[in-house]
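One letter stands for each residue in the lines below.
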Amino acid sequence: MSLDVSPQLLAEAKHGDIREEDFVDTVRTSLPYAYDLIASLATELRDGKAEFTDNQTPPPSERERGQLLRALASDAIRSSLERHFGIALAFQNCHRVAAFRTESREGELYGRFTSMRSQVLNQSPEFRDC
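Quick summary incoming for the structure in this document. (Residues numbered from 1 in each chain as written. Predicted model: local features only at pLDDT ≥ 70, side-chain atom pairs only at ≥ 80, totals over all residues. Heavy atoms only, no water.)

**Digging into the environment of threonine 53**
Along the polypeptide, threonine 53 turns up in strand S1 (residues 52–54). Residue threonine 53 is classed as buried on the basis of its relative accessible area, which comes to 5%. Put simply, threonine 53 and arginine 101 are 48 residues apart on the chain and 9.4 Å apart in space, counted from C-alpha to C-alpha. Beyond its immediate stretch of four places on either side in the chain, threonine 53 contacts Leu41, Glu44, Leu45, Val97, Ala98 and Ala99. Polar side-chain contacts of threonine 53 include one of 3.0 Å to the backbone oxygen of leucine 41. (Helix = DSSP H or I, 4+ residues; strand = E, 2+ residues; numbered from the N terminus. Buried < 20%, exposed > 50% of the residue type's maximum accessible area, 1.4 Å probe, protein only. Contact = heavy atoms within 4.5 Å. Polar contact = N/O pair within 3.5 Å; in protein donor to acceptor, adjacent residues only side chain to side chain.)

Now the structure itself:
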């Protein structure tokens, strides 16, 4: 299970829609490594002039890698984090996550980062089992 959902949030979900803030808070507490990494990329992007920021440092353990993979593999989690931080996320390999300005989604740099060619060029033997 990827999220530690409170009984209150579960009850709310059973009766209808939930607040995105509550969902993001659940992600923050359930997947702290992933949340903090994405938050730091968003802050770096907001405070800088670059079109994107990215992480190329492997997670410290498989536990943290699992958090990142779960966060980015879930459409609901990923899109909520994008809206929460006002960014567009892109992901390669097991840990290279990038934060782009939302308007960059239609741009050349985002297209290159998310292309099949870039995916192939960013492969190496150490990523095989991640």
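**As for the nonpolar core**
Counting residues in each nonpolar core, the largest one holds 24 residues, and the members touching the most others are Ile77, Phe85 and Ile87. Elements represented by at least two residues in this core include exactly helix H2 (20–30), helix H3 (32–47), helix H4 (62–73), helix H5 (75–85), strand S2 (87–92) and strand S3 (96–101). It is H3 that provides the largest number of residues to this core, a total of 9 residues. In contact with isoleucine 77, not counting residues within four places along its chain, are Leu3, Phe23, Val27, Leu31, Arg70 and Ala71. With 6 residues, the next largest nonpolar core counts Ala88, Ala98, Phe100 and Phe113 among its residues. (Core = buried A, V, L, I, M, F, W, Y, C linked by side-chain atoms within 4.5 Å.)

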